[in-house]
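These are the residues of each chain, in order.
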Amino acid sequence: MNVLGIETSCDETAAAVVSTTGDSARPWQVRSNVIASQTQIHREWGGVVPEIASRQHVRDICGVVERALGDAGANWPDVDAIAVTQGPGLIGSLLVGVSFAKAAAAALDRPIVAVHHLAGHIESIFLEHGAVPLPALILVVSGGHTSLYFVEVPGQYQLIGRTRDDAAGEAYDKVARLLGLGYPGGPAIDRRAKTGRDDAVAFPRPKFTHRDRKGVPADVVHRTRTGRPMAEFSFSGLKTAVMRALQERGVAVAQGLTVPTDAGPMSEQDVDDFCASFQRVVVETLLDALFDAARWHGALSVGIAGGVSANSRLRADSRQRGDGRELPVFIPGIELSTDNAAMIAAAGLRNFRRGMRAGWDLSAAASLALT
Ligand code: KG4
Ligand code: ZN
């Protein structure tokens, strides 16, 4: 079976063909994975401009899908089903993918399967590594999300943690902007941190304990499906701490982070040190939460997916921690970490197997819960 995946939730127009293999240990195979990135276009504005993004998706989508079919050595009639990201994401961008998928499905008389973007990120782990030991604790960490999922059964994702404010990737992007490193911030900070000292600046570590929740009415505490308090991340305070530390060093920081600034009196080494110190806090916070949750839930493996999982320190430190605890760690390759359509096709295949089909009334959804 060949599934055409389509992903347009943010600033990447992506299409991919994923096929079933018949091998239960590695049930899926990526036959093509094409991404047209709009990063260069949005860089000029310091971040993604939704209107520009949706227009660019319209320009790119036909060529990207044709290329994905061509790379897979497939023609339109070879497509057995179409999987498309329904949300969450930028509504104008999502609509381009959903409309294209519906039009293609109607023309080919093929079923269409709606996919949650985060389910796609989670499935990128299984797409890359095949069957992993379950139950698994999975951290999805991207520009829009920082969430923990408990997976006992393939295809069923139980939300057990999330951020109460900024996502980790968002913090990377905002801090990079403060440091004048441009967009997207994650790869730039990752690079600069390699030559920085991670103990140069003492940024606070966001941490929530039961004590933090004291005085909060019980019905306000977010709970998981099983009634446990939800694990919570918070990264907006860290961003503010970076801003304060820059101001203390005499850097003119634009309020509200709306105007790109340059690092002014900071030396190149200072910037590297800021990057390394910031990154250390983010990575340690994420990994503490992931490995604590894995222990609490008796997970037999952990996984990390989403754009921030491309981070070199997150990859290295998670493997080190996993080795120390004899807990296998699964992270997709870089190509499947950031937004792509192969993960959407894989999640689509999973949904298809479970009998899920979208109707012609399928619409995009800017916000969409994944249990
Ligand atoms: O998953 P993704 O491609 O899109 C969303 O669904 O949001 O994630 C994009 C995010 C951006 O915030 C970007 O700065 C971050 O992933 N990112 C990184 C790295 N590469 C991308 N963050 C840290 N280190 C990286 N190497
Ligand atoms: Zn994503």
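Look above for the structure.
Only a predicted model underlies this, so the values are computations on that prediction, with no experimental measurement involved. (Residues numbered from 1 in each chain as written. Chains lettered and ligands numbered in written order. Predicted model: local features only at pLDDT ≥ 70, side-chain atom pairs only at ≥ 80, totals over all residues. Heavy atoms only, no water.)

**Things to note about helix α10 (residues 312-325)**
Test applied: Secondary structure follows DSSP: runs of H or I at least 4 residues long count as helices, runs of E at least 2 residues long count as strands, and numbering of each begins at the N terminus. What a helix is expected to span follows from its residue count: subtract one and scale by 1.5 Å. Any pair of residues with heavy atoms lying within 4.5 Å of one another is described as a contacting pair.
Its 14 residues place the ends of α10 20 Å apart at the C-alpha level, agreeing with the 20 Å of an ideal helix rising 1.5 Å per residue. Considering only its buried residues, α10 is in contact with β6 (136-141), α9 (268-297), β10 (301-305), β11 (329-330) and α11 (334-337). Glu326 sits one or two residues past α10 and shows a positive phi near 55°.

**Comments concerning the sheet that holds strand β5 (residues 112-116)**
Quick reminder of the rule: Only strands that DSSP links by at least two bridges are regarded as paired with each other. Simply put, an axis is a line fit to the C-alpha atoms, just over the touching stretch for a helix, and the angle between two N-to-C directions goes from 0 to 180 degrees.
Read across the sheet, five strands follow the order β3-β2-β1-β4-β5 without closing on themselves; strand pairing throughout is mixed. With partners counted over all chains shown, the strands left at the sheet margins are β3 (28-37) and β5, one partner each. Strand-to-strand twist in this sheet, taken as the mean axis angle between neighbours without regard to direction, amounts to 20°. Here strand β2 (residues 12-20) runs beside β3; their pairing, made up of nine bridges, is antiparallel. Looking across to β3, one finds that Thr13 is bridged to Ala36. Sitting on the sheet, helix α3 (residues 91-108) touches β1 (2-7), β4 (81-87) and β5, and the angle it makes with β4 is about 160°. Running over the sheet, helix α4 (residues 117-129) touches β1, β2, β3, β4 and β5 and is turned about 90° from β5.

**What about the coordination of the zinc ion (ligand 2)?**
Tetrahedral metal sites with four donors have an ideal angle of 109.5 degrees; octahedral sites with six donors have ideal angles of 90 or 180 degrees. The line we're drawing: Any N, O or S atom lying within 2.8 Å of the metal counts as a donor, and for Na, K and Ca the limit rises to 3.2 Å; water is left out, so some sites can look incomplete.
Looking at the metal site, the zinc ion (ligand 2) is ligated by His117 (NE2), His121 (NE2) and Asp339 (OD), spaced 2.0 to 2.1 Å from it. If you list the donors of the zinc ion (ligand 2) from N- to C-terminus, the spacing comes out as H-x3-H-x217-D. Here His117 and its partner His121 are both found in helix α4, four residues apart, which amounts to about one turn of the helix.

**So, the pairing of strand β7 (residues 146-151)**
Applied cut-off: Throughout this description, buried means an accessible area under 20% of the type-specific maximum (1.4 Å probe, protein chains only), exposed means over 50%, and partly exposed covers the range between.
Across the six residues of β7, six count as buried, placing the element largely inside the fold. Note: β6 against β7, six bridges, orientation antiparallel. What sits directly across from Leu137, in β7, is Phe150. Between β6 and β7, which pair antiparallel and follow one another directly, the connecting turn spans four residues. Across four bridges, β7 lies against strand β8 (residues 158-163) in antiparallel orientation. Bridge pairing in β8 links Phe150 to Gln158. Counted along the chain from β7 to the antiparallel partner β8, the turn is six residues long, and its residue Gly155 has a positive phi close to 90°.

**Comments concerning the packing of aromatic side chains**
Put simply, the test is: Any pair of Phe, Tyr and Trp rings, taking the six-membered ring for Trp, is counted once the centres come within 6.5 Å. Such a pair is stacked with planes under 30 degrees apart, edge-to-face with planes over 60 apart, and tilted for the rest. For a lysine, the NZ atom is tested; for an arginine, the CZ atom; a charge sits over a ring if that atom is within 6 Å of the ring centre and within 35 degrees of the ring normal.
Using the criterion set out here, one finds three aromatic pairs in the structure. Taken together, a centroid distance of 5.7 Å and an interplanar angle of 70° make the contact between Phe203 and Phe274 edge-to-face. With Phe203 in the loop between α6 (185-193) and α7 (210-213) and Phe274 in helix α9, this pair connects stretches of sequence that are 71 residues apart. An identical accessibility class is assigned to Phe203 and Phe274; each is buried. Here Phe233 and Phe235 contribute two aromatic rings whose centre-to-centre distance is 6.2 Å and whose plane-to-plane angle is 15°, an arrangement assigned as stacked. Both residues of the pair, Phe233 and Phe235, count as buried. Its end group placed over the ring of Phe126, Arg350 keeps NZ or CZ at 5.6 Å from the ring centre.

**Examining the environment of Leu286**
With respect to the helices and strands, Leu286 occurs in helix α9. According to the relative accessible area criterion, Leu286 is buried, its value standing at 0%. With 139 residues separating them in the primary sequence, Leu286 and Ser147 have C-alpha atoms 9.7 Å apart. Once residues within four sequence positions are removed from consideration, Leu286 is found in contact with Leu139, Val141, Thr146, Ala168, Phe233, Phe235 and Leu314.

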